[in-house]
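Report on the structure
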Amino acid sequence: MRQITNHMPTAELRALDAAHHMHPFTTNDALAKKGARIITRAKGVWLTDSEGETILDGMAGLWCVNVGYGREEIAEAAARQIRELPYYNTFFQTSHVPAIALAARIAELAPGDLNHVFFACSGSEANDTNIRLVRHYWALKGQPDRSIIIGRKNGYHGSTMGGASLGGMVSMHEQGGLPIPGIVHIDQPHWYLEGGDMTPEDFGLMRARALEEKILELGADRVAAFIAEPVQGAGGVIIPPATYWPEIQRIVDKYGILLIADEVITGFGRTGNWFGSQTFGIRPHIMTIAKGLSSGYAPIGGSVVCDEVAATIAQDEFNHGYTYSGHPVAAAIALENLRILEDERVIEHVRDVAHPYLAERWHALADHPLVGETKLVGLMGSLALTPQKGSRARFAAEAGTAGYITRERCFANNVIMRHVYDRMIISPPLVITPGEIDILIERATKALDEAYGKLKAEGLLQKAV
Ligand code: PXG
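Described below are features of the structure shown in this document.

Observations regarding the sheet that holds strand 15 (residues 423-426)
- Strand order across the open sheet formed by 4 strands is 11-12-15-14, with antiparallel pairing between neighbours. The open sheet has two edge strands, strand 11 (371-377) and strand 14 (418-420), and neither has a second partner. The average undirected angle you get between the axes of adjacent strands in this sheet is 25°.
- Strand direction decides the pairing type here: strand 14 and strand 15, joined by 3 bridges, are antiparallel. Directly across from His419, in strand 15, lies its bridge partner Met424.

Focus on the sheet that holds strand 2 (residues 46-49)
- The 4 strands lie next to each other as 1-2-3-13, forming an open sheet whose pairing is mixed. Edge positions in the open sheet fall to strand 1 (39-43) and strand 13 (415-416), since each of these has one partner strand only.
- For strand 1 and strand 2, the ladder comprises 4 bridges, and the chain directions are antiparallel. Along strand 2, the bridge assignment pairs Arg41 with Thr48.
- Against the sheet, helix 17 (residues 434-457) contacts strand 2, strand 3 (54-57) and strand 13, and its axis sits at roughly 100° relative to strand 3.

Topic: the layout of surface pockets
- If you add up the space inside the second largest pocket, you get close to 840 Å³.
- In terms of lining, the second largest pocket is formed by 28 residues, of which the most central are Thr90, Val117, Phe118, Phe318 and His320.
- Where the lining of the second largest pocket is concerned, the elements lending two or more residues are helix 5 (97-109), strand 4 (114-120) and helix 13 (307-313).
- The element best represented in the lining of the second largest pocket is strand 4, accounting for 4 residues.
- Partitioning the lining of the second largest pocket into residue classes produces 16 nonpolar, 10 polar and 2 charged.

Notes on the packing of aromatic side chains
- For the structure shown, the criterion picks out 6 aromatic pairs.
- With centroids separated by 5.6 Å and ring planes inclined at 80°, the aromatic side chains of Tyr244 and Trp245 adopt a geometry described as edge-to-face.
- Here Tyr244 falls in the buried class, since its relative accessible area comes to 0%.
- The class for Trp245 is buried, based on a relative accessible area of 3%.

Concerning helix 4 (residues 72-84)
- A rise of 1.5 Å per residue sets the reference length of helix 4, with its 13 residues, at 18 Å; its end C-alpha atoms lie 18 Å apart and thus fit the reference within 8%.
- Ile74, Ala77, Ala78 and Gln81 are the residues of helix 4 that are buried. Buried residues in helix 4, looked at end-on, bunch into an arc of 100°, giving them a common side. Exposed residues pointing more than 90 degrees away from the buried face of helix 4 are listed as Glu72, Arg80 and Arg83.
- Tucked inside the fold, the buried residues of helix 4 contact helix 5 and helix 14 (328-343).

About the criteria used
- Residues numbered from 1 in each chain as written.
- Predicted model: local features only at pLDDT ≥ 70, side-chain atom pairs only at ≥ 80, totals over all residues.
- Heavy atoms only, no water.
- Pairing = 2+ DSSP bridges.
- Helix = DSSP H or I, 4+ residues; strand = E, 2+ residues; numbered from the N terminus.
- Axes fitted to C-alpha atoms, helices over the stretch in contact; angles between N-to-C directions.
- Contact = heavy atoms within 4.5 Å.
- 1 Å grid on protein atoms, 1.4 Å probe; cavity = no way out; pocket = protein on both sides within 12 Å on 5 of 7 lines; lining within 4 Å.
- Points joined across faces, edges and corners; volume = space filled by probe spheres on them.
- Nonpolar A, V, L, I, M, F, W, Y, C, P; charged D, E, K, R; others polar.
- Phe/Tyr/Trp six-rings, centres within 6.5 Å; stacked < 30°, edge-to-face > 60°.
- Buried < 20%, exposed > 50% of the residue type's maximum accessible area, 1.4 Å probe, protein only.
- Expected span 1.5 Å × (residues − 1).
- Arc of directions from axis to C-beta.

Geometry only, nothing functional implied.
Now the structure itself:
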């Protein structure tokens, strides 16, 4: 077998990557011409690429590496578990210690009576589980017609048939025959782009009441559940107005529909509490978890289910599961990750140190000529790029043009900050220090300066009419 290693020339690795590796969410022909940036190792908040450049990872991988890269304790926990029991299933009346311990630990950490965990390998799979789980729940309650699930436009719940259907990404629905039947979407609480002349508070109430309107339109006895992210992540770090979640909670309570909080990004410290539901005062019946559960060190996710729903499901065989549900190595990794989060008081660090410091520096970017607003909760933040300050105007250029140019300047300046259309987003590892935040802001500012210069030179600072 041919050895392909970290020490090969970048060009060779790129050529092999282009020849054989199909990248997710990528125009692979264009990437093949340009060549992927090849990441070879990482430590803390720092990535190293095949050219030896060090890059500050402002996205914690893909919103997941909460404890930072290179944790020896997690490597040891994985190795120990592989030696002891690398795999066994939990289907046929068997169990194993890592799955038991992880489920029990999640039940301790999760709010309210969310005491039961159904394991999956990713957020997408967990949301597919949720679709089947809530529909089966209502069938067992003698209400099989309660099968419709309401999601939100520009929400993100994964990329499987079910996950992408729950999500409201138009570009995903356009491919592959989505959404699947029985899933509908309401408008999102995105005040900056859609709030018009309304105050954020009034707008938040209006967008929450869209749920009530949809329930009444469909008939409450046909609605199984509402699913939403406490803060939309992939949609652009859209933090809803303060009025939004209390009104949503009132509506789901009133009509007795299940509330699924998709905590795949907001879970495990990202918003300054263990879960985003705590930050926003939400009482979900089910939480979707993944990403920060293992800090990305292993693919694992799950549905955290409240007592009543779990008790109902328990009456019957639930014909659902994955070969790797509760995989022992992934579970051992997740347990060690949760131990680190607790023992090193990482969530307290977010709340008391990193968030306050980042908030000061992030919101100062609002003075930049290219920045229309800045938002931050815990350690997830966004800023809107603007062609005209003070106006909340969109760019005349195709949505995402300014964002892409800015992202390219970030990449060139060795800081990872993503763009969602013309919004820039960050979600750094939770262990980031004030000194590293200074470097993040320094590089982001330089990237914004360069992007502003380029947009100006190319006549792209025009607002849409
Ligand atoms: N729910 C939420 C809220 C997510 O953010 C998923 C479910 C799906 O998880 P898996 O593990 O199946 O990917 C996610 C994933 C992006 C981006 O571009 C975001 C995600 C995944 C890939 C890209 O911001 N979030």
